[in-house]
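Chain by chain, the residues:
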Amino acid sequence: MGSGYVYHCPDCGEATYIALGIGSEYTPQKIFYGDDADPPLLKDFLPYQMYCNAVRMLHDGGVPDTTHSGSYGQKLYYCPQCRTLKVRFFCTIVKDDQIWTPVYSCELCGRSLVLAPNQENGDDPSRDQMAGADGDVLRIRCMKCGRVYFAPESGCTSKIMWD
Ligand SMILES: [Zn+2]
Ligand SMILES: [Zn+2]
């Protein structure tokens, strides 16, 4: 079960939907290995080149970390330069002494995205969590008008469970 949060741009009203965690239909088998008919769901979650790297590691004996519910799924990342939140798929594949996780970059400035802290439970973008490791507030960027705003202050949030 994942959690969804809706925030509304204070300027244009455009909704930003943040879906975190992972649906219960998305078993580790389906995500990392796929089945007879379908490729691994990783293909939908990762940019293509990254997907190829992940599949190569799995083929070569890499093992995905599926030990707890937060070990893979949609998580909050942020750009340390733009201070804006992004949702990206997180997972870990371990092979010998190698540990692979996806590395994303900001589409605006190119900096590497950082995983937002305090996501142990994976699904609560509370006020505390809307800060980076250095304590600076993180914001949402409206995809329609470009306005950047602090989510808990947008005054209009709702929570949805998704499956
Ligand atoms: Zn950036
Ligand atoms: Zn807007």
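For the structure itself, consult the block above.
To start, this report covers the structure provided alongside it. (Residues numbered from 1 in each chain as written. Chains lettered and ligands numbered in written order. Predicted model: local features only at pLDDT ≥ 70, side-chain atom pairs only at ≥ 80, totals over all residues. Heavy atoms only, no water.)

**Here's the deal with the coordination of the zinc ion (ligand 1)**
Of the protein atoms, only Cys79 (SG), Cys82 (SG), Cys106 (SG) and Cys109 (SG) coordinate the zinc ion (ligand 1), at distances of 2.3 Å. Mapped onto the sequence, the residues coordinating the zinc ion (ligand 1) show the spacing C-x2-C-x23-C-x2-C. Of this pair, Cys82 sits in the loop between strand E4 (73-78) and strand E5 (85-90) while Cys106 sits in the loop between strand E7 (98-100) and strand E8 (114-115); the two residues are 24 residues apart in sequence, bridging distant segments of the chain. (Donors = N, O, S within 2.8 Å, 3.2 Å for Na, K, Ca; no water. Helix = DSSP H or I, 4+ residues; strand = E, 2+ residues; numbered from the N terminus.)

**Quick word on the coordination of the zinc ion (ligand 2)**
The coordination sphere of the zinc ion (ligand 2), as far as protein atoms go, consists of Cys9 (SG), Cys12 (SG), Cys142 (SG) and Cys145 (SG), spread over 2.3 to 2.4 Å. Geometry at the zinc ion (ligand 2) is tetrahedral, judged from the four donor atoms that bind it and their angles of 102 to 118 degrees at the metal. On the accessibility criterion, Cys12 (32% relative accessible area) is partly exposed. Exposure remark for Cys142: the relative accessible area of 0% places this residue in the buried category. (Tetrahedral: all angles 85-135°; square planar, octahedral: opposite > 155°, others 65-115°. Buried < 20%, exposed > 50% of the residue type's maximum accessible area, 1.4 Å probe, protein only.)

**Let's talk about the nonpolar core**
Side chains of a nonpolar character, in soluble globular proteins, are inclined to be buried together. Grouped together as the largest cluster of nonpolar side chains are 24 residues, with contacts concentrated most on Ile31, Leu42, Leu46, Phe89 and Trp100. Mapped onto this core, the elements with two or more residues apiece are helix H1 (28-33), helix H2 (42-45), helix H3 (48-59) and E5. No other element matches the seven residues that H3 contributes to this core. With near-sequence residues (within four places) excluded, Phe89 lies in contact with Ile22, Ile31, Leu42, Phe45, Leu46, Tyr72, Gly73, Gln74, Tyr77, Pro102 and Tyr104. (Core = buried A, V, L, I, M, F, W, Y, C linked by side-chain atoms within 4.5 Å. Contact = heavy atoms within 4.5 Å.)

**Looking at unusual backbone geometry**
Peptide bonds are mostly trans, and most non-glycine residues show a negative phi. The phi dihedral of Arg83 is positive, around 60 degrees, even though this residue is not glycine. Within the secondary structure, Arg83 is located in the loop between E4 and E5. What makes Arg83 buried here is its relative accessible area of 14%. In this structure, Asp96 takes a positive phi of about 50 degrees despite not being glycine. Within the element layout of this structure, Asp96 appears in the loop between strand E6 (93-95) and E7. Since its relative accessible area comes to 68%, Asp96 is described here as exposed.

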